[in-house]
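These are the residues of each chain, in order.
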Protein chains: 2
Amino acid sequence: MLTIAQQKTLQFIQRFIKKNGYAPTVAEIATGIDIKSRGVVHRYIQALVAEGLIELTPNHHRNIRLIEEKSSKKIPLTGQLSDNSLFEKISNNQTIDVMPWLIGENRFALKVEDDGMLEEGIMRGDLLVCEPRDKIKDEDMVVALIDGKNGVLKRYQLNKDQTITLLPLYSRLRPTVYEQHRLEILGVYVGLIRLEK
Amino acid sequence: MLTIAQQKTLQFIQRFIKKNGYAPTVAEIATGIDIKSRGVVHRYIQALVAEGLIELTPNHHRNIRLIEEKSSKKIPLTGQLSDNSLFEKISNNQTIDVMPWLIGENRFALKVEDDGMLEEGIMRGDLLVCEPRDKIKDEDMVVALIDGKNGVLKRYQLNKDQTITLLPLYSRLRPTVYEQHRLEILGVYVGLIRLEK
DNA sequence: TAAATACGTTCTCTATTTGTTCTCTGCATT
DNA sequence: AATGCAGAGAACAAATAGAGAACGTATTTA
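What you see is a predicted model, and the numbers here were worked out from it, not measured in a lab.

Chemist: Any chance you could explain the overall build of chain A here in plain terms?
Modeler: Counting secondary structure elements, chain A contains three helices and 12 strands. Out of the 197 residues belonging to chain A, those deemed buried represent 25%. In chain A, the proportion of contacts linking residues at least 24 apart, taken out of those at least 6 apart, comes to 53%.

Chemist: Any chance you could explain the packing of helix α1 (residues 4-20) of chain A against helix α3 (residues 38-50) of chain A here in plain terms?
Modeler: Residue and element names in this part refer to chain A. Interhelical geometry of α1 versus α3 gives an angle of 85 degrees and a closest axis separation of 9 Å. Classified by the angle between their axes, α1 and α3 sit roughly perpendicular to one another. Between α1 and α3, the contacting residues are Ala 5, Gln 6, Thr 9 and Leu 10 on the first element and Val 41, Tyr 44, Ile 45, Ala 47 and Leu 48 on the second. The residue inventory of the contact of α1 with α3, partitioned by class, reads seven nonpolar, two polar and no charged.

Chemist: Explain helix α1 (residues 4-20) of chain B here, please?
Modeler: Two residues of an α-helix separated by three or four positions point the same way, owing to the 3.6 residues in each turn. All names here are of chain B. Taking 1.5 Å per residue, 17 residues should reach 24 Å; α1 reaches 24 Å between its end C-alpha atoms and fits that length. Within α1, burial applies to Thr 9, Leu 10, Phe 12 and Ile 13. End-on, the buried residues of α1 take up no more than an arc of 160 degrees, which puts them together on one face. Exposed residues pointing more than 90 degrees away from the buried face of α1 are listed as Ile 4, Arg 15, Lys 18 and Lys 19. Residues of α1 that are buried sit in contact with α2 (26-32), α3 (38-50), β1 (54-56) and β2 (64-66). Positive backbone phi, at 85 degrees, marks Gly 21, one or two positions downstream of α1.

Chemist: Just to check I follow, could you spell out the environment of Asp140(A) for this structure?
Modeler: All names here are of chain A. By the element assignment, Asp 140 lies in the loop between β7 (127-131) and β8 (141-146). By the C-beta count within 10 Å, which is 16 here, Asp 140 ends up partly exposed. Considered as a pair, Asp 140 and Tyr 156 are 16 residues apart in the sequence and their alpha carbons are 5.5 Å apart. Sequence-distant contacts of Asp 140, that is, excluding residues within four places in its chain, are made with Tyr 156 and Val 188.

Chemist: Looking at this model, I keep getting lost on the protein's contact with DNA strand D. Mind explaining?
Modeler: In the region of DNA strand D, 25 residues are neighbours, and Thr3(A), Ser37(A), Gly39(A), Ser37(B) and Gly39(B) sit closest. Among the elements of the structure, α1 and α3 of chain A together with α1 and α3 of chain B are those that each provide at least two residues to the surface near DNA strand D. Looking at the surface near DNA strand D residue by residue, the class counts come to eight nonpolar, 13 polar and four charged.

Chemist: Is there a simple way to explain the pairing of strand β10 (residues 164-167) of chain A in this structure?
Modeler: Residue and element names in this part refer to chain A. With four bridges connecting them, strand β9 (residues 150-158) and β10 associate as antiparallel partners. Paired with Arg 155 across the two strands is Leu 167, which belongs to β10. As consecutive antiparallel partners, β9 and β10 are separated by five residues, and within that stretch Gln 162 has a phi angle of approximately 70 degrees, a positive value.

Chemist: What should I look at first to understand the protein's contact with DNA strand C in this one?
Modeler: The environment of DNA strand C is formed by 22 residues, the closest being Val26(A), Gly39(A), Thr25(B), Val26(B) and Gly39(B). If you list the elements that add at least two residues to the surface near DNA strand C, you get α2 (26-32) and α3 of chain A together with α2 and α3 of chain B. Residue composition of the surface near DNA strand C, grouped by class: eight nonpolar, 10 polar and four charged.

Chemist: Is there a simple way to think about unusual backbone geometry in this case?
Modeler: With glycine set apart, most residues show a phi of negative sign, and most peptide bonds adopt trans. We note that Arg62(A) has phi near 50 degrees; this positive angle belongs to a residue other than glycine. In this structure, Arg62(A) sits in the loop between β1 (54-56) and β2 (64-66). Its 19 C-beta neighbours within 10 Å are what place Arg62(A) among the partly exposed residues. Even without being a glycine, Asp34(B) presents a positive backbone phi close to 70 degrees. Among the structural elements, Asp34(B) can be located in the loop between α2 and α3.

Chemist: Hey, could you run me through α3(A) in this one?
Modeler: Residue and element names in this part refer to chain A. Between its first and last C-alpha, α3 extends 18 Å over 13 residues, near the 18 Å set by a 1.5 Å rise per residue. Buried residues of α3: Val 41, Tyr 44, Ile 45 and Leu 48, and no others. Angular distribution of buried residues about the axis of α3 spans 100 degrees; they occupy a single face of the element. Of the exposed residues in α3, the ones pointing more than 90 degrees away from its buried face are Gly 39, Arg 43 and Ala 50. The inward-facing, buried residues of α3 contact α1, α2, β1 and β2. Just downstream of α3, Gly 52 is the residue with a positive phi angle, here 75 degrees.

How each quantity is defined
- Residues numbered from 1 in each chain as written.
- Chains lettered and ligands numbered in written order.
- Predicted model: local features only at pLDDT ≥ 70, side-chain atom pairs only at ≥ 80, totals over all residues.
- Helix = DSSP H or I, 4+ residues; strand = E, 2+ residues; numbered from the N terminus.
- Buried ≥ 20, exposed ≤ 12 C-beta atoms within 10 Å, placed from the backbone.
- Contact = placed C-beta atoms within 7 Å.
- Axes fitted to C-alpha atoms, helices over the stretch in contact; angles between N-to-C directions.
- Parallel < 35°, antiparallel > 145°, perpendicular 65-115°, else oblique.
- Nonpolar A, V, L, I, M, F, W, Y, C, P; charged D, E, K, R; others polar.
- Expected span 1.5 Å × (residues − 1).
- Arc of directions from axis to C-beta.
- Near = placed C-beta within 6 Å.
- Pairing = 2+ DSSP bridges.

So, in structure tokens, the structure goes:
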């Protein structure tokens with residue numbers, strides 16, 4: 001069980017490493033969490049080690065390493081995706097734990113609610129992790145909402161006449177062409193999570 | 001574990017080689033990272049050699065070579081996985097580009113060569129990214145080699161009598177129990193890559 | 001080909017940074 | 001009164017960063 005100061009320490013370390021690519025020194029942590037004594041910070045670090053959240057390499061500077069599995073984060077679960085029924089937004093602030101490599105700014109997850117994409121290796125119950133993006137490039141895999149109703153994961157392609165072709169990902173299903181106004185691109189596909197039942 | 005100065009040195013070397021096609025001299029590195037002593041640079045170079053990031057050919061000028069696998073976004077493709085045919089090692093140093101979040105120390109990829117795990121959502125052609133690990137925990141998803149022949153992706157469980165049960169990942173297939181000596185755990189499952197065809 | 005220079009390498013020396021350990025002081029809760 | 005947390009700050013050994021000299025071998029130049 002972490003104290004508040006220890007949590008602040010951990011968060012600072014995580015942000016620092018994410019930003020700089022290397023770990024902070026004890027002194028940097030101290031100024032970062034607004035404390036003057038390095039000794040105090042060192043105590044917090046020891047607590048984090050005891051909790052298994054970080055590891056230290058002895059006799060090195062900037063020797064803190066994060067234990068990834070422990071500090072896994074959450075992203076919001078915002079909707080249910082389905083090829084043949086209505087897209088449904090989930091509003092109850094549900095979140096899911098994801099592996100650290102799927103974490104990213106503003107990312108969210110959508111739950112697949114039918115087997116409509118089974119041929120493409122996407123099963124009912126899978127969670128699609130997406131990232132909202134301003135400009136979609138050709139060949140991007142996107143989660144698109146058709147007429148505000150049916151959500152699908154397809155490959156995006158902008159045609160010369162400004163219509164959009166949605167291609168199936170892997171299988172030999174037919175591509176479909178849509179007018180731009182019929183589509184809402186919810187986000188770019190980042191990864192797939194298959195939860196244990 | 002690299003210090004900041006060592007990281008700067010490595011980055012300079014990488015950029016220099018990318019730009020010029022040949023390695024920098026010690027003096028060029030020195031001015032590049034803004035220090036005056038060649039001896040100091042040489043220490044940093046030795047550290048990079050110790051980390052396996054670069055190699056030196058003795059008695060030559062501009063004698064630094066980058067070890068690619070270590071410093072790029074590639075991981076080696078080391079084998080072909082199959083449920084009903086022989087496991088096959090790939091030895092030709094092939095590498096694959098992977099998303100940054102799949103990169104990790106010593107990780108490697110195995111190609112799935114049949115549809116034996118289709119029920120579990122793993123298709124022929126998928127690449128399984130794995131990480132070798134010393135101690136496997138119960139419930140870990142592992143790539144296991146049975147009798148040195150058949151490779152499978154299963155969930156690991158150590159029984160009280162020291163046998164090992166391999167559980168299917170998601171579907172309702174039967175679990176199988178093995179004596180420890182029949183199994184070789186190639187690595188822990190990290191992620192799945194489905195390449196476009 | 002011989003001399004001059006460039007280069008990698010080894011060594012010593014100095015200064016600063018950094019992790020770590022200790023002790024001491026408030027302060028709140030029990 | 002006792003305990004535990006938060007914090008300050010001193011002290012120390014080791015790690016890190018850097019300068020610079022010296023030397024033998026490559027490479028280039030005259």
